[in-house]
Each structure stands twice: as structure tokens, then as C-alpha cells.
Amino acid sequence: MRTLKTSLKPRKSAVQARSTATVEALHTATLQVLTQQGLLRCTTTRVAERAGMSVGSLYQYYPNRDALLAAILEKRLTTVTETVEQACLRQHGRPVAHMASGLVSALLTIKLQDPPASKALYAIAAERGGAELVARNNRRMVDAIAQMLASATDAQFEDPSLTAAIALSAIVGPVRTLLEGNGSPAFEAGIEQQTTLLLKAYLQAHCPQ
């Protein structure tokens, strides 16, 4: 399995440094600078100032700005993935209509809970190890959805993994539209209801007639 480039890895973990609070402060400050001032002005100096520490202290944890951004992106993607996994576990052994509602609600809630931060991270995800991180987390989510679908009480899936991959894409597509700034207010207001309708129809097509 490939790993992030060495230059993007933290210097030491929060557990090793016994400084979880310091790392959290750096992550929070980075997101604030990134969303308020943009990527070009998101420097280690500004992040350290926002976090209330010296640049030297920041460099004890991250060798450069890109390593810090990569760490934040990885944490965010992991949070989204774990949310989906937990939502899928809650829906095991239920009808597919419930599965569709629960999955859409969980994924949209976590993806859109902080739109400015999500938009900023989405914009930088193509770099800093983002493609690898996204692929890895997508595989985890597809696996969780496939296991959920295999437990459905009212449907049978010939290839649960394929159906799961398409189901995930059906939810992520509208979210991407919003994060890219291409969704109207009406689109944003109706995204959960309409995406749920779409996913329910797709999953219920696998129910015996």
C-alpha cells in the first residue's frame, strides 16, 4: 500500500508529543486562515500566529504547510468515512428504503456541516496526497455500504459492491456540485430530499416484484 510522501508526514504524532491540544489548535487555526484568507495567504507564519504559538513550535509537528494541510485533509476524510461506516451499521437488517434515508442523511450532514471548510479542503484535495486518501476512504465506505446492502430484508443484490459504489457516487455527485459552487439555493435546499428519492428508487429496483 502506498503512503503519503515523506515531506507530507507530520514530524511526530500528538500521542508521542503528549500535545493533542496543540495539534488541534494548529488544525483549527489552519482551517480559519485557509477559509478566511485563501490558500496563498495560508502560511505557517499566519497559522502559528492564529494558534497563538511560534513558527518554531509549529515546525515541531509539521515540516511545512503542505504537511499540515495533508494532515487536516486526512483527518477530515477519516471522519467522513467513520460516519458512513457507523450509519451503515445502524441500518443493517432493515429495508432498503431505510438504508437510503439513513445513508444520505449521515453523509450529507457530515459533508456539509461546515461548508466553508469543506469547500476549502475540497479545493486542495487533488494535491498533497489527496487522491490517494480519497481512494482509500472511498474503498472503506463502499465496503461498509456493500455489507449493509447484503443484509437488506427486502432486496437481493447480485453484486453488492458494485451497487454500493454507484450508490456512493449518487450521493457524492450532488455534494460535489455544491462544494464547487455550482448549486443554486433551490438545489441546496432540496439536496437531501431529492438525493434520497434517487437512492431509494435505485435500491428498490433490486426488490423482488
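Since we're looking at a predicted model, the values are computed, not measured. (Residues numbered from 1 in each chain as written. Predicted model: local features only at pLDDT ≥ 70, side-chain atom pairs only at ≥ 80, totals over all residues. Heavy atoms only, no water.)

Further remarks concern the overall build of the protein chain. A count of helical and extended segments in the protein chain gives ten helices and zero strands. Beginning at the N terminus, the succession of helices and strands in the protein chain can be written as α-α-α-α-α-α-α-α-α-α. Classification of the 209 residues of the protein chain by burial places 41% in the buried group. Within the protein chain, contacts between residues at least 6 apart in sequence are counted, and of these 73% link residues at least 24 apart. If you sum the accessible surface of the protein chain, you get close to 11000 Å²; carbon and sulfur atoms cover 52% of it. (Helix = DSSP H or I, 4+ residues; strand = E, 2+ residues; numbered from the N terminus. Buried < 20%, exposed > 50% of the residue type's maximum accessible area, 1.4 Å probe, protein only. Contact = heavy atoms within 4.5 Å. Areas by Shrake-Rupley, 256 points an atom, 1.4 Å probe, with all protein chains shown as cover.)

Let's shift gears to helix H7 (residues 115-124). For H7, the set of buried residues is Ala 117, Ser 118, Ala 120, Leu 121 and Ile 124. Down the axis of H7, the buried side of the element spans an arc of 165°, and every buried residue falls inside it. Residues of H7 that are buried make contact with helix H2 (20-37), helix H5 (65-90), helix H6 (96-111) and helix H9 (160-179). (Arc of directions from axis to C-beta.)

Contact pair H5 / H6: the axes reach a minimum separation of 9 Å and the direction vectors enclose 160°. When the axis of H5 is compared with that of H6, the two are roughly antiparallel. The handedness of the crossing between H5 and H6 is right-handed. Residues Arg 76, Thr 79, Val 80, Thr 83, Val 84, Ala 87 and Cys 88 of H5 touch H6, and the partners they reach there are Gly 102, Leu 103, Ala 106, Leu 107, Ile 110 and Lys 111. Looking at side-chain class alone, the contact of H5 with H6 contains eight nonpolar, three polar and two charged residues. (Axes fitted to C-alpha atoms, helices over the stretch in contact; angles between N-to-C directions. Parallel < 35°, antiparallel > 145°, perpendicular 65-115°, else oblique. Left-handed = near helix turned anticlockwise from the far one by under 90°. Nonpolar A, V, L, I, M, F, W, Y, C, P; charged D, E, K, R; others polar.)

Looking at the protein chain, pLDDT values average 89 and 90% of them are 70 or higher. Put simply, helix H1 (residues 14-17) is where the protein chain has its lowest mean pLDDT, 51, and H6 is where it has its highest, 97. (pLDDT = per-residue confidence, 0-100.)

A separate point is the environment of Lys 200. Checked against the element boundaries, Lys 200 lands in helix H10 (residues 185-204). Taking the relative accessible area as the measure of exposure, Lys 200 reaches 27% and is therefore partly exposed. Along the chain, Lys 200 and Ala 100 lie 100 residues apart, while their C-alpha atoms are 5.5 Å from each other. Not counting residues within four places of it along the chain, the set of residues in contact with Lys 200 comprises Ala 97, Ala 100 and Ser 101.

Mapping Ile 145 onto the fold places it in helix H8 (residues 130-150). Spatially, the C-alpha atom of Ile 145 lies 9.2 Å from that of Ala 87, the residues being 58 residues apart in sequence. Look past the residues within four positions of Ile 145 in its chain and what remains in contact with it is Val 84, Cys 88, Leu 103, Ala 164 and Leu 168.

Our next topic: the nonpolar core. By size, the foremost hydrophobic cluster in this structure holds 33 residues, and its most contacted members are Val 96, Leu 103, Leu 107, Ile 145, Leu 149 and Leu 199. For this core, the secondary-structure elements that each account for two or more residues are H5, H6, H8, H9 and H10. Setting aside its immediate chain neighbours within four residues, Val 96 contacts Ala 152, Asp 154, Ala 155, Phe 157, Leu 203, Gln 204 and Cys 207. In terms of nonpolar packing, the next biggest core, distinct from the first, is built from 24 residues, Leu 34, Met 53, Ala 67 and Leu 69 among them. (Core = buried A, V, L, I, M, F, W, Y, C linked by side-chain atoms within 4.5 Å.)

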